[in-house]
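Each chain, written out:
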Amino acid sequence: MELTIVKKQNAAAPKVQKEKDVVYRTNELNLWYGEHHALKNVNLDIYENEVTAIIGPSGCGKSTYIKTLNRMIELVPNVRTSGEITYRGRNIFDKSYRVEELRTQVGMVFQKPNPFPKSIYDNVAYGPRIHGIRDKKILDEIVEKSLRGAALWDEVKDRLHENAYGLSGGQQQRLCIARCLAIEPDVILMDEPTSALDPISTLKVEELIQELKENYSIIIVTHNMQQAARISDKTAFFLNGEVVEYAETDQLFSTPSDKRTEDYITGRFG
Amino acid sequence: MTMRGKFDYDLKTLRQKLLEIGSLAEIALSQSIEAFQAKNVDQALGVIERDSQIDMLEEEINDFAILLIAKQQPVAIDLRRIIVAIKIATDIERIADFAVNIAKATIRIGEQPFVMEIEKIVRMHNIALEMVSLGLKAYYEEDVALARKISDMDDEVDELYGQIMRDLMQLTKMNQENFSQMNLLSLIARYIERTADHATNLAEHVVYLVKGRHYDLNG
């Protein structure tokens, strides 16, 4: 029997949304570690003021991909790439593109909080000082603004000159986010930023990510699928170096179009 | 057992519970109309008594489903399986309530002779019962084509319902005496028509389960 079903009219009017700008455009990206083909024909557009989550089992290439976006991958010996990644329209692999210039625009937060063995204040002021800012008043402003931006100010404002190592793990991670904000980046890359944190600290960082996307574009690698579902606008599912599915998060977690995505998010493998 | 294996087992248990509540509702429905046809008050009372079993099973299904959501944090098809189970249990519980309503009306009619032929009511009831059975089968087999067939049958039920109401309207013009029975007969027809609507809901849930989108089969 031919199945013809009338689709229910959606009661809500379609949302009129402003076209968002593409921050990163990845075009036919391939990457090899020596002989190992780690990324295969990756095509991915990342949009402004959104949280883009990257999920997939260990070894699927998600961390490799995020480290390619700020060219940290170049630190690994024997890495070869083909294809291109443009950041704001400019090919980041271009010889004339200085890596320092790129990293001023693109901050990164790592899995384990990695504050410098300095005071809270100096951690945040580190980047601006490198960029030549010496004026104490301006530095004070940047430090306060960045710590407020990372939702840490109220907890540390009375002990700014104490060593950062005295902070809890969750606070240290937010300090690292504050350090990242201090250089006023455009994009923030996060590589499993909450995997070393307790549930409460995780929730605080997740809330912070929600606030930060108003002003920044965020790309987050996470092993926690519920986290991806909670905080991201779009999700890319990587498997064996390929992007299996890239879609609106709501869609990917409710009606994924690829069987492998469905199997992964429902815990059938991975 | 692996975590996933345990979850699959729990989902199977949930489905089993739904089939159980479904067959109890089927029995209630068919006994209610048998009692009505035969004016069997004892049988009607039995339908009313056994309804608490269905209510309890519905609660049990809901509790079990909520626990599964809390413990497994399901997504995609797993989540739909659980949500659909909750919704189907609600529809089935309502269907069983209509069987109770028919049984109560039967008791109120008592020994009185029928004021009209009840053949159309019985026919309508049989279609509604068949819809419920097919709805449960479609759920069990995740069969979308079967679900679609149910909505076609609902059109037949609506047509018969219209005919019965017109017949009763005619009857009230000619016969002023047994107004209360006519009223009860129109209520019974109404209960059956609602039963068929809930069976159509079952079909919609099945389509949602399989396709992940909402469709209006009543439209």
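Residues numbered from 1 in each chain as written. Chains lettered and ligands numbered in written order. Predicted model: local features only at pLDDT ≥ 70, side-chain atom pairs only at ≥ 80, totals over all residues. Heavy atoms only, no water.

### Things to note about the overall build of chain A
In terms of regular secondary structure, chain A is built from 10 helices and 10 strands. For 270 residues, the compact-globule estimate of 2.2 N^0.38 gives 18 Å, and the C-alpha radius of gyration of chain A, at 20 Å, lies within 12% of that figure. Taking the principal axes of the C-alpha coordinates as reference, chain A spans close to 75 × 45 × 35 Å. Relative to its full complement of 270 residues, chain A shows a buried share of 49%. Relative to all contacts within chain A whose residues are 6 or more apart in sequence, the contacts with residues 24 or more apart total 67%. Surface summary for chain A: the accessible area is close to 13600 Å², and the carbon and sulfur share equals 48%. Counting 35 positive and 39 negative side-chain charges, chain A places the centres of these two groups 2 Å from one another. (Helix = DSSP H or I, 4+ residues; strand = E, 2+ residues; numbered from the N terminus. Rg over C-alpha atoms; globule rule 2.2 N^0.38 Å. Buried < 20%, exposed > 50% of the residue type's maximum accessible area, 1.4 Å probe, protein only. Contact = heavy atoms within 4.5 Å. Areas by Shrake-Rupley, 256 points an atom, 1.4 Å probe, with all protein chains shown as cover. Lys, Arg positive; Asp, Glu negative; His and termini not counted. Charge placed at Lys NZ, Arg CZ, Asp CG, Glu CD.)

### Observations regarding the interface of chain A and chain B
Between chain A and chain B, the contact holds 17 residues from the first and 21 residues from the second. Our count for the contact surface shared by chain A and chain B stands at two salt bridges. Salt-bridge contacts for Arg268(A) lead to Asp78(B); the nearest nitrogen and oxygen are separated by 3.5 Å. Linking chain A with chain B are six residue pairs in polar contact (both at pLDDT 80 or more). Its residues placed into classes, the side of chain A that touches chain B shows seven nonpolar, six polar and four charged. (Salt bridge = Lys/Arg side-chain N within 4 Å of Asp/Glu carboxyl O. Polar contact = N/O pair within 3.5 Å; in protein donor to acceptor, adjacent residues only side chain to side chain. Nonpolar A, V, L, I, M, F, W, Y, C, P; charged D, E, K, R; others polar.)

### Examining the nonpolar core
With 75 residues, the main nonpolar core has Leu14(B), Leu18(B), Phe36(B), Met131(B), Tyr139(B), Ile188(B) and Ile192(B) as its most contacted residues. Mapped onto this core, the elements with two or more residues apiece are helix H1 (3-38), helix H2 (41-72), helix H3 (76-109), helix H4 (119-141), helix H5 (144-174) and helix H6 (179-211) of chain B. Sorting elements by how many residues they give to this core places H3(B) first, with 15 residues. Sequence-distant contacts of Met131(B), that is, excluding residues within four places in its chain, are made with Ile150(B), Met153(B), Asp154(B), Val157(B), Ala196(B), Ala199(B) and Thr200(B). Formed by 48 residues, the second largest nonpolar core is a distinct cluster that contains Val109(A), Met190(A), Ile231(A) and Phe253(A). (Core = buried A, V, L, I, M, F, W, Y, C linked by side-chain atoms within 4.5 Å.)

### Points about the UniProt feature "domain: PhoU" (unreviewed entry) in chain B
Per the UniProt entry, the sites bearing "domain: PhoU" (unreviewed entry) are residues 19-105 and 121-206 of chain B in this numbering. Helix makes up 94% of residues 19-105 of chain B and strand 0%, and the two end C-alpha atoms of the span are 28 Å apart. (UniProt positions renumbered as here; feature names shortened; annotations may be inferred.)

### Concerning the packing of helix H4 (residues 136-149) of chain A against helix H6 (residues 169-181) of chain A
All names here are of chain A. Packing of H4 against H6 brings their axes to within 8 Å, and their N-to-C directions diverge by 130°. By the angle class used here, H4 and H6 are oblique. Judged by the twist between their axes, the crossing of H4 over H6 is right-handed. Contacts between H4 and H6 pair Ser-146, Leu-147 and Gly-149 from the former with Leu-175, Ala-178 and Leu-181 from the latter. A breakdown of the residues in the contact of H4 with H6 according to their chemical character gives four nonpolar, two polar and no charged. (Axes fitted to C-alpha atoms, helices over the stretch in contact; angles between N-to-C directions. Parallel < 35°, antiparallel > 145°, perpendicular 65-115°, else oblique. Left-handed = near helix turned anticlockwise from the far one by under 90°.)

### Let's talk about the environment of Gly267(A)
Relative to the assigned elements, Gly267(A) resides in the segment after helix H10 (259-265). Along the primary structure Gly267(A) and Met225(A) are separated by 42 residues, whereas in three dimensions their C-alpha atoms are 9.9 Å apart.

### Description of the pattern of salt bridges
Taken as a whole, this structure holds 32 salt bridges over all chains when the rule is applied. Residue Lys120(B) is joined to Asp167(B) by a salt bridge in which the shortest nitrogen-to-oxygen separation is 3.0 Å. Taken as a pair, Lys120(B) in helix H4 and Asp167(B) in helix H5 lie far apart in primary sequence, 47 residues in all. With a relative accessible area of 23%, Lys120(B) lands in the partly exposed category. Through salt bridges that share partners, Lys20(A), Glu50(A), Lys234(A) and Glu248(A) make up one connected network.

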